[in-house]
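# Working through the structure, step by step
Residue-level listing of the chains:
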Amino acid sequence: MPDREMPTNPPRDERRVVLVTGCSSGIGRAIATGLPSSTYRVFAAVRAAADAGSLDRAGLDTLRLDLADSESIQSAVSRLLEKSNGRLDALVNNGAYGQPGAVEDLSREALRLQFETNVFGTHELTRRCIGLMRRAGTGRIIQISSILGRICLANRGAYNASKFAIEALSDTLRLELHGSGIQVSLIEPGPVESRFRVNALAAFRRHIDTATSPHARLYAAVEQRLAASANAPFTLPAEAVLKPVRHALESRRPRARYAVTLPAKVLPNIKRFLPDRTMDRILRAVGDKPPVD
């Protein structure tokens, strides 16, 4: 009699499971699509269902995740674990937006919404993932921060504050996770091509009353910058963030910080040596300016 064919189990997927947030465009999309599929199984999280189609076609696993909604965070993590057989090797926290406007024009609601997504939602998702990594005894947490988590520019107070908070939480977390097998790294981009300005302009118009503000003349320049099609000086494509992300994922000794773009590398170092008043003059010079009459 011929030998009967023995049933075989499907091969186990040995790829590293990575969750990346904010993948609808820009940095998040560049990371999700740029990580090699032979090494990584990427779960690309997007807030809107309309953004998932092209990522699905690229062969990625997509998840709906709204960082401002705790139920959405819980549902996304549960769905990921169902599809990955309980495995999560790395989290890349990229999801965020910018709320422009002078500090005195920021309502409590506008500031709260900025922190709900950029800080509180990111923190909640990170906490959920740390528990999974602790049980595995290994993991990588990569926070996509900003140069504006190290230095401040005018009319970006809400975003500055949210990124300073992410920097502080990440630095603290790195100390607390020492010896756990979980590594924490910060990626600090400067100007990078993305839809960031488009989303920031919508938030600006939604929350800032330009007509009654003492900054009304300056806001004309803010709107012009956010609506401009031309990129700021030293702008790099979103793919420039991929190399440091891969180093943070793959190196035995990932760095605590990775600066991306020339301004992100230069300005924080200048700040270390200059008096605050001198640094203020530099930052005013590179910031928004009212139109000349």
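Described below are features of the structure shown in this document.

Rules behind the numbers
Residues numbered from 1 in each chain as written. Predicted model: local features only at pLDDT ≥ 70, side-chain atom pairs only at ≥ 80, totals over all residues. Heavy atoms only, no water. Helix = DSSP H or I, 4+ residues; strand = E, 2+ residues; numbered from the N terminus. Rg over C-alpha atoms; globule rule 2.2 N^0.38 Å. Lys, Arg positive; Asp, Glu negative; His and termini not counted. Charge placed at Lys NZ, Arg CZ, Asp CG, Glu CD. Pairing = 2+ DSSP bridges. Axes fitted to C-alpha atoms, helices over the stretch in contact; angles between N-to-C directions. Contact = heavy atoms within 4.5 Å. Buried < 20%, exposed > 50% of the residue type's maximum accessible area, 1.4 Å probe, protein only. Polar contact = N/O pair within 3.5 Å; in protein donor to acceptor, adjacent residues only side chain to side chain. Right-handed = clockwise from strand over helix to strand, strands pointing away. Parallel < 35°, antiparallel > 145°, perpendicular 65-115°, else oblique. Left-handed = near helix turned anticlockwise from the far one by under 90°. Nonpolar A, V, L, I, M, F, W, Y, C, P; charged D, E, K, R; others polar. 1 Å grid on protein atoms, 1.4 Å probe; cavity = no way out; pocket = protein on both sides within 12 Å on 5 of 7 lines; lining within 4 Å. Points joined across faces, edges and corners; volume = space filled by probe spheres on them.

### Notes on the overall build of the protein
When its secondary structure is counted, the protein shows 10 helices and seven strands. Rg of the C-alpha trace for the protein: 21 Å, near the compact-globule value of 19 Å for 293 residues, within the 12% margin. Across the protein, the mean location of the 42 positive side-chain charges is 5 Å away from that of the 30 negative side-chain charges.

### Notes on the sheet that holds strand E5 (residues 139-144)
What the seven strands build is an open sheet, ordered E3-E2-E1-E4-E5-E6-E7; its pairing is parallel. The open sheet has two edge strands, strand E3 (61-64) and strand E7 (257-260), and neither has a second partner. The sheet shows a mean angle of 20° between the axes of neighbouring strands, taken without regard to direction. Of the pairings in the sheet, the one linking strand E2 (residues 40-46) to E3 comprises four bridges and is parallel in character. Opposite valine 46, over in E3, you have arginine 64 as the bridge partner. Across the sheet, helix H8 (residues 242-250) lies against strand E1 (16-20), E2, strand E4 (90-93), E5, strand E6 (182-189) and E7, angled at about 155° from E5, the strand it touches most.

### As for the environment of aspartate 209
In this fold, aspartate 209 is placed in the loop between helix H6 (196-207) and helix H7 (216-227). Among the residues examined, aspartate 209 registers a relative accessible area of 44% and is labelled partly exposed. Through-space distance from the C-alpha of aspartate 209 to that of glutamine 99 is 13 Å; in sequence the pair is 110 residues apart. In this structure the side chain of aspartate 209 is engaged in a polar contact, spanning 3.3 Å, whose partner is the backbone nitrogen of alanine 211.

### Examining the pairing of E2
Consecutive side chains of a regular strand alternate in pointing toward one face of the sheet and then the other. Burial runs high along E2: seven of the seven residues are buried. Burial of E2 is two-sided: the residues Tyr40, Val42, Ala44 and Val46 facing one way and the residues Arg41, Phe43 and Ala45 facing the other way are all buried. Bridge analysis of E1 against E2 gives five bridges, and the strand direction is parallel. Note on E2: the bridge partner recorded for leucine 19 is phenylalanine 43. Regarding topology, helix H1 (residues 26-34) serves as the crossover connection from E1 to the parallel E2, and that connection is right-handed. Crossover handedness for the path E2 to helix H2 (residues 52-57) to E3: right-handed.

### Structural notes on the packing of helix H4 (residues 108-136) against helix H5 (residues 157-176)
Their axes nearest at 9 Å, the elements H4 and H5 cross at an angle of 20°. It follows that H4 is roughly parallel to H5 by the angle criterion. Every pair of crossing elements has a handedness; the one defined by H4 and H5 is right-handed. Residue-level contacts link Leu111, Gln114, Phe115, Asn118, Val119, Thr122, Thr126, Ile130 and Arg134 of H4 to Ala158, Tyr159, Ala161, Ser162, Ala165, Ile166, Leu169, Leu173 and Glu176 of H5. Tallied by class, residues from the contact of H4 with H5 come to 11 nonpolar, five polar and two charged.

### Overview of the layout of surface pockets
It is the rolling of a water-molecule-sized probe over the atoms that shows where space remains empty. When its volume is computed, the second largest pocket comes out at roughly 260 Å³. Lining the second largest pocket are Arg174, Leu177, His178, Gly179, Ser180, Gly181, Ile182, Gln183, Val184, Arg252, Arg253 and Pro254. Of all the elements, E6 adds the most residues to the lining of the second largest pocket, at three residues. Looking at the lining of the second largest pocket residue by residue, the class counts come to four nonpolar, five polar and three charged.

### Some words on the side chain of serine 213
As for its placement among the helices and strands, serine 213 is situated in the loop between H6 and H7. In this structure the side chain of serine 213 is engaged in a polar contact, spanning 2.9 Å, whose partner is the backbone nitrogen of histidine 215. Serine 213 has contacts with Asp105 and Tyr219, leaving out every residue within four places of it along the chain.

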